[in-house]
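The residues making up each chain are set out below.
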Amino acid sequence: MRFNPELDAIKTYEAGKPIELVVREFGIAPEEVVKLASNENPLGPSPKALEAIRTAAPQAHRYPDDSMFELKGALSRRFGVPEESIIIGAGSDQILEFVSRAKLHREASVLMSRITFAMYEIYARQQGARVLRTPHWRHIPEEFVELMERERPEVVYLCTPNNPTGDATPKADVFRIIEAADPDTLVVVDGAYMEYAAAKDRSFAISPSEILAYPNALYLGTFSKAYGLGGMRVGYGIARPEIIRALMKMRPPFNITTLSLAAATAACGDDAFIERTMELHFNELERYEAFARAKGFETIESFTNFITWILPEGIDSTRLSDALLRRGVIVRNLAGYGLNAVRITVGTPRENDRLFAAVEEVLG
Ligand code: PMP
């Protein structure tokens, strides 16, 4: 069978391994599996969202409100942005896909940092676009500015905080890159983990309304991380109406479910849950930093809900993550990104105890 030849250049995205896989392959009871591989919220969903899902469940036979009136209203109030500046996606992932299809083609190019979220490249290649990367994995303004001037990319991705490295880009650097971009270049600020950066250090906190100040920038946010709704698949994009109108042309009808819509709308007002999430997270993150220091692993300062350990030469990231998997602990191996490193989502105290004990055991 012949397919679109662009597919030849695409590596299928490998999602974090599911609990079910460990249960099936290693015969470990599901409640014994510790999943720290997909940057989910260890506290579970926001309680307000959970209640809204239960209340909405009897309406599961109905298509959702395709205008997403209530969710857009909630986001509009939360961020102080007009509703016509908001688009909702099945995860922010779907908005990345809309961006690619709306902007990219065979003569186009996209620019991103050397190590960043894998879907940017996959969506770009689907369109046959060229993928350009800066030399460093951190978002260095000079590197972006130089490549933008030389290559005039159609889309630039700024992932802050960045996945899978966990670092964040100072606000001033982000604005410098946006300001240097050509008016026809769409600069996407992917803030999937922004709530964590904002809780840690305000000088890294970028709000969607600040992005709206620029006619060629798009802010992406998600309910999958801090709000604990990864399984509901809701993300949002915020930009000038001209950009939103173009992206809306790519959107299929009813792209999120009736239950997802209810969950995200309720979660939007659950500040107490975000506070609890951050308190737990930063306490536990300190334990990861201390553990890494004690083991001689290098860490990248984390502004996210995960930590990336760069392993010393004698420890292979593939072997370590496989050995942990056999013990029922799922982490993300970053060998596919060309790094001898593992990315670990910070879990509950009990989950983290299990991870530390398993690492100790494997390293002997
Ligand atoms: N952007 C980044 C940087 C991510 O890490 C992720 C999830 N891994 C996404 C976007 C997509 O998240 P979602 O589709 O769940 O909103």
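As a reminder, the structure under discussion sits directly above these lines.
Residues numbered from 1 in each chain as written. Predicted model: local features only at pLDDT ≥ 70, side-chain atom pairs only at ≥ 80, totals over all residues. Heavy atoms only, no water.

Chemist: Give me the lowdown on the side chain of D167, citing residues and values where you can.
Modeler: Along the polypeptide, D167 turns up in the loop between β5 (155-159) and α7 (171-180). Using a relative accessible area of 1% as the deciding quantity, one classes D167 as buried. Polar side-chain contacts of D167 include one of 2.5 Å to the side chain of T165. (Helix = DSSP H or I, 4+ residues; strand = E, 2+ residues; numbered from the N terminus. Buried < 20%, exposed > 50% of the residue type's maximum accessible area, 1.4 Å probe, protein only. Polar contact = N/O pair within 3.5 Å; in protein donor to acceptor, adjacent residues only side chain to side chain.)

Chemist: Residue-level account of a nonpolar patch on the surface, with values.
Modeler: A cluster of nonpolar side chains, M1, F3 and L7, forms an exposed patch at the surface whose accessible area comes to about 420 Å². Inspection of the secondary structure assignment puts F3 in the segment before α1 (19-26). (Patch = residues over 30% accessible without salt bridge, like charges linked within 9 Å, V, L, I, M, F, W, Y side chains within 5 Å. Areas by Shrake-Rupley, 256 points an atom, 1.4 Å probe, with all protein chains shown as cover. Salt bridge = Lys/Arg side-chain N within 4 Å of Asp/Glu carboxyl O.)

Chemist: Can you tell me about the sheet that holds strand β3 (residues 109-112), naming the residues and giving the values?
Modeler: Overall, mixed pairing links the seven strands, which are arranged β2-β8-β7-β6-β5-β3-β4 in an open sheet. Unpaired on one side and paired on the other, β2 (86-89) and β4 (130-133) mark the two borders of the sheet. Strand after strand, the sheet turns through a mean of 20 degrees between neighbouring axes, direction not considered. Strand direction decides the pairing type here: strand β6 (residues 186-190) and strand β7 (residues 217-222), joined by four bridges, are parallel. When the sheet's bridge partners are listed, V188 is paired in β7 with L218. Contacts from helix α4 (residues 91-103) reach β2, β5, β6, β7 and β8 (235-239) within the one sheet, and its direction differs from that of β2 by about 115 degrees. Its contacts with the sheet put helix α6 (residues 141-151) on β3, β4 and β5, and the angle it makes with β3 is roughly 170 degrees. (Pairing = 2+ DSSP bridges. Axes fitted to C-alpha atoms, helices over the stretch in contact; angles between N-to-C directions. Contact = heavy atoms within 4.5 Å.)

Chemist: Just give me the short version of the nonpolar core, but keep the residues and values in it.
Modeler: Core analysis: the biggest nonpolar cluster contains 79 residues, and I178, F223, W309 and L355 have the highest contact counts within it. Split by domain, the residues of this core number at least three in each of domain 1 (5-44 + 272-363) and domain 2 (47-270). Not counting chain neighbours up to four residues away, the residues in contact with I178 comprise L158, V187, V189, I211, Y214, N216 and A217. Grouped together as the second largest cluster of nonpolar side chains are 28 residues, V99, M112, I243 and L247 included. (Core = buried A, V, L, I, M, F, W, Y, C linked by side-chain atoms within 4.5 Å. Domains from an automatic or database assignment.)

Chemist: Go over the site of the ligand with me, naming the residues and quoting the values.
Modeler: Near the ligand, the surroundings consist of 13 residues, among which S92, N163, D190, T222 and S224 are the closest. The protein chains hide 93% of the 400 Å² of surface that the ligand would expose on its own. A per-class count over the shell around the ligand returns four nonpolar, five polar and four charged. (Near = heavy atom within 4 Å. Nonpolar A, V, L, I, M, F, W, Y, C, P; charged D, E, K, R; others polar.)

Chemist: Explain the pairing of β2 to me, and be specific about the residues and the numbers.
Modeler: Both faces of β2 are covered, namely the face carrying I86 and I88 and the face carrying I87 and G89. In the sheet, β2 pairs with β8 via four bridges, with the strands oriented antiparallel. Across the sheet, I87 pairs through a bridge with G237, a residue of β8.

Chemist: Can you explain the pattern of salt bridges? Please cite residues and give values.
Modeler: Across all of its chains, the model carries 21 salt bridges by this definition. Linking E6 and R106 is a salt bridge whose minimum nitrogen-to-oxygen distance equals 3.1 Å. Here E6 is found in the segment before α1, whereas its partner R106 is found in the loop between α4 and β3, with 100 residues between them in sequence. We classify E6 as buried; its relative accessible area is 15%. A relative accessible area of 59% places R106 in the exposed class.

So yeah, pure geometry; function would need other evidence.
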